[in-house]
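For reference, the chains in residue letters:
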Amino acid sequence: MTVKTDRELYIGGSEANYIYMNYGTKTFQTWWAYKLAGFPREAPVNRNMEVGTILEHEILDLYESVHGVKGKRGLSKVKGFARANTDYILGDKIIDVKASNLAFEWLLTGTIPIHYRRQLIHYCYVFGLFKASILAYQVDDSLLVNPFQELDKNKMFEIEVKITLDSLKEHEQRLNYLEKCREENKFPEVDGWKKYARFQK
C-alpha cells in the first residue's frame, strides 16, 4: 500500500519501473513532467488494487500466524530522491504483499513481473537491505466480489526475489541521474544515466 504524502517530491516504489523506461517515450515524459512541476498525479485504481489494499493486513496476519513470526509493517524511509513505503520487513528481508489471480503461476514459474522486482530493488536500495520476497495470495472471482471472507493458507505463497549488488548499483546510478535532471529542471537524455555514471567515477 503506497502512502501518497509528498509523492510528487520523490520517486516511490510503485514508480520504480519508470526509471528503467526509454526516457524518450511519451509515457516517461508525461510522468517526468509531473515530477518537474511538483504536482501530484493520481495513481490509477482498479478493483484488483482495491481488493489488494483490503486484504494486505489479513494476508500478513495469516503469514505471521502460519510461520510464528512478527515483522514490522508500514515502515517508510527517504534516501535522496527515493522514497520507500514498505508493506512488511521481517528481520533483514523486505516482503511486498500482492493479491493476484496469477499468484499460483508465479509460484510455479518462480518468476514475478519485472515491475514488481524493480519495486523490491527500490525498497532494498532505500533501506540498505539485500533480501526480498513477494508474499502472493491467489485471488479468485469470489474474493473480488467479497474480500472480507476468511483467507486460506494454501493460497498464500512466498516467492523469493534475488537482489544483486549490480542491480542495486544500477538503480542508484539511474536515481542519481534523474535527481540531477530534476535539480536542473530538464528532461533526461536517453541513456543519459550511463554517461553520468561514467562521469561520476
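Residues numbered from 1 in each chain as written. Predicted model: local features only at pLDDT ≥ 70, side-chain atom pairs only at ≥ 80, totals over all residues. Heavy atoms only, no water.

J.: Any details on the nonpolar core? Residues and values, ideally.
T.: Counting residues in each nonpolar core, the largest one holds 37 residues, and the members touching the most others are Ile94, Leu120, Ile163 and Leu178. Those elements that provide at least two residues to this core are helix H1 (26-37), strand S3 (82-85), helix H3 (103-109), helix H4 (114-127), strand S6 (131-138), strand S7 (156-162), helix H6 (165-183) and helix H7 (192-200). Ranked by residues supplied to this core, first place goes to H4 with seven residues. Ignoring anything within four residues of it in the chain, the contact list for Ile163 reads Leu120, Ile121, Cys124, Phe130, Ala132 and Leu168. Counting residues in hydrophobic clusters, the runner-up holds 16 residues, among them Ile59, Tyr63, Val97 and Val139. (Core = buried A, V, L, I, M, F, W, Y, C linked by side-chain atoms within 4.5 Å. Buried < 20%, exposed > 50% of the residue type's maximum accessible area, 1.4 Å probe, protein only. Helix = DSSP H or I, 4+ residues; strand = E, 2+ residues; numbered from the N terminus. Contact = heavy atoms within 4.5 Å.)

J.: Any chance you could break down the sheet that holds strand S1 (residues 72-73) for me, citing the residues and the numbers?
T.: Strand pairing in a sheet is mediated by backbone hydrogen bonds. Such pairs are either parallel or antiparallel. Taking strand neighbours across the sheet as the criterion, the five strands line up as S1-S4-S5-S6-S7 in an open arrangement whose pairing is mixed. Two strands lie at the open edges of the sheet, namely S1 and S7, each paired on one side alone. When strand S5 (residues 93-100) meets S6, the two strands line up parallel, connected through eight bridges. Of the residues in S6, the one forming a bridge with Lys98 is Ala136. The strands touched by H4 within the sheet are strand S4 (88-90), S5, S6 and S7, with S5 carrying the most contacts at an inclination of about 150 degrees. (Pairing = 2+ DSSP bridges. Axes fitted to C-alpha atoms, helices over the stretch in contact; angles between N-to-C directions.)

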